[in-house]
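What the coordinates show
Each chain is listed here by its residues.
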Amino acid sequence: MGFAGLRTVTPFGVRIEPDGTVSLSPGLSAIAVTDSLGRRIATVYGLVLAGWMGPGLALGPEGITADFPVDDEAAFVRRVVHGLHGMFLAVTQGHLGRFLHPDFGGSIPIVWCGETGAIGASADQILDEDSYQKRFLRDRYQRMILSEGHGWITGTLTAHTGVHRLLPGHALDLERLVAHRVWPVAGELALDMGLEDAARTAGQAIRGHVEAAAREHHTAITMTAGFDSRILIAAARDVKDQIGFVTFGRLHEGLDQDMAAKMSEALGLHHHLLPIVDASPEDQDHWERLVGHCMREVNRRIHPTLAAVPYDLILTGMYGEIGRARLYRQDIATINDQAATVPFVLSRLTLPQDSDQIADVERWLDGLSWMPRSMVLDMAFNELKFGTWALGQSRAQKAVKFSMMPFAQAAVQSAFMRTPPEVKGTEALFHRMAELLWPEAMQFPVNRYGDSRDRLGKFAKLTRRESLVRFFRDRFAG
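Every value quoted in this text rests on a predicted model; they were computed, and no experiment measured them.

1. Focus on the environment of Gly-56
Relative to the assigned elements, Gly-56 resides in the loop between β4 (40–48) and β5 (57–60). Contacts of Gly-56, omitting those with residues within four sequence positions, involve Thr-65, Ala-66, Asp-67 and Phe-68.

Have a look at this one:
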């Protein structure tokens, strides 16, 4: 059966009314959280993996229980929120106060309106039609989205007056509607982890997530020729017969399709090549409305392809980039010789030096001034790119197909950031992780054919205006 269109499905997300009433989209549940003293400390809204939890946590008929007391916010964040995996929000209560915490990767996006007190996944979920149009910042949308081709509004900004975004690593005070950072705090991370420790720590955590998802859900991994995909494949070694692998496109359409098919045959994987399905103009417009007009990119056009995935849950390689020094690969040996600045951060994110974004990122950077510049860029990729551009699409994308991110774990991201840039390199850390997880997965080139076609592919990218603009912003960041 074909996909009837995004307008026919229920949008994804969680809405919280000013009186505390919570509405969940289909497939999400409310789960009570109790500590060892018998105190009801929170409710988790979403989908949690029962088979991959941190020490002292368990999911049973009565909800999630912790076999330790949770006396303050720090304990709740580091032992409960960071100990749970899947896609969820946690709302605390009782002695912890009323605070909303996203999961580590911000899987369920949150925006809020300071005037009405409504909270939801995007402006579309919390504003009626009249308010949506009256509050719409058309000039910001033109500057940051349309003028960029494929662009996004970063930080806590949205495309609507008075509507603010909650970033990963932050919590929202539900009484005052003010956000604050909960992870990391000053001095919590340092460049103090060796390659072997980082590879083992991150690899074990990713494998635990992948195996739990494979055993609890009808699960597939998105498969490309890239490194993040390769780590997920390696992590699935012991459950490869219980899990599927999907690649979007047809055989011989490109590198991802050809290498995925070749690897699957050699490794004995259940692989599906799914032809790209374009959305109608009406569904493209609806996609953009669902995401609050905060980003525009290729998923706007191809999101119907997700409906053809013959699995209930997709695992993606999101949040792998900082393990490969993504934003400082060109100056990896000297990146920490200077402190981070806002213009530098925006340029490395390939974003324009827009006055609104500059002011917002200045506030964001204030809380991270203690970090070396490599860590600041790692945080920028995770919070200012993934937390806005990527997860901001969830209201539309996850309405079609649920997804989780095995890389989006505190243990994984801490290991990535704590490994000195020159040690983790652009490939060294990932090569070691793959060797520990499934060495045979590395017998194929990463992101290349291994012949002349590789040079032609790079040339083709640099003939596009948008790619050139972003390339020069990245390489000539000041």
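2. Notes on the side chain of Glu-211
By secondary structure assignment, the location of Glu-211 is in helix α5 (residues 195–216). Accessibility expressed as a relative area gives 13% for Glu-211, which makes it buried. Look past the residues within four positions of Glu-211 in its chain and what remains in contact with it is Ala-235, Asp-238 and Val-239.

3. Focus: the sheet that holds strand β14 (residues 219–222)
The strand order across the open sheet built from five strands is β16-β15-β14-β17-β18, with neighbouring strands paired in parallel fashion. Edge strands, defined here as strands with exactly one partner in the open sheet, are β16 (270–274) and β18 (402–404). Here the strands of the sheet are splayed against their neighbours by 30 degrees on average, with no regard to which way each runs. Strand direction decides the pairing type here: strand β17 (residues 313–315) and β18, joined by three bridges, are parallel. Paired with Leu-315 across the two strands is Met-404, which belongs to β18.

4. A short note on the packing of aromatic side chains
Under the defined criterion, the tally for this structure stands at twelve aromatic pairs. Note on Phe-12 and Phe-402: the rings are 5.8 Å apart at their centroids and 75 degrees apart in plane angle, and the pair reads as edge-to-face. Highlighted residues: Phe-12 in the segment before β1 (14–16) and Phe-402 in strand β18, separated in sequence by 390 residues. With a relative accessible area of 1%, Phe-12 lands in the buried category. Centroid distance Phe-136 to Tyr-141: 5.4 Å. Interplanar angle 50 degrees. Geometry classified as tilted. The two residues Phe-136 and Tyr-141 agree in class, both being buried. Put simply, the rings of Trp-152, Tyr-319, Phe-381, Phe-386 and Trp-389 touch in pairs and so form one group of aromatic residues. The positively charged end of Arg-373 is found above the aromatic ring belonging to Phe-344, 4.2 Å away from the centroid.

5. Describing the nonpolar core
Counting 128 residues, the largest nonpolar core has Leu-100, Val-210, Val-345 and Trp-364 as its most contacted members. Counting 19 residues, the second-largest nonpolar core is a separate cluster that includes Ile-64, Ala-66, Phe-68 and Ala-90.

6. Considerations on the sheet that holds strand β13 (residues 178–181)
Here we have eight strands laid out as an open sheet, ordered β5-β6-β3-β4-β7-β8-β12-β13, and mixed in their pairing. Strand pairing shows two members of the sheet lacking a second neighbour, β5 and β13, which therefore form its edges. Taken over all neighbouring pairs, the strand axes of this sheet differ in orientation by 25 degrees on average, direction set aside. Sheet analysis places β5 next to strand β6 (residues 63–66), joined by four bridges and oriented antiparallel. Of the residues in β6, the one forming a bridge with Leu-57 is Ala-66. Contacting β3 (29–34), β4, β5, β7 (86–92), β8 (99–102), β12 (170–173) and β13, helix α1 (residues 73–81) crosses the sheet at an angle of about 30 degrees to β8.

Definitions and limits used
Residues numbered from 1 in each chain as written. Predicted model: local features only at pLDDT ≥ 70, side-chain atom pairs only at ≥ 80, totals over all residues. Heavy atoms only, no water. Helix = DSSP H or I, 4+ residues; strand = E, 2+ residues; numbered from the N terminus. Contact = heavy atoms within 4.5 Å. Buried < 20%, exposed > 50% of the residue type's maximum accessible area, 1.4 Å probe, protein only. Pairing = 2+ DSSP bridges. Axes fitted to C-alpha atoms, helices over the stretch in contact; angles between N-to-C directions. Phe/Tyr/Trp six-rings, centres within 6.5 Å; stacked < 30°, edge-to-face > 60°. Lys NZ or Arg CZ within 6 Å of the ring centre and 35° of its normal. Core = buried A, V, L, I, M, F, W, Y, C linked by side-chain atoms within 4.5 Å.

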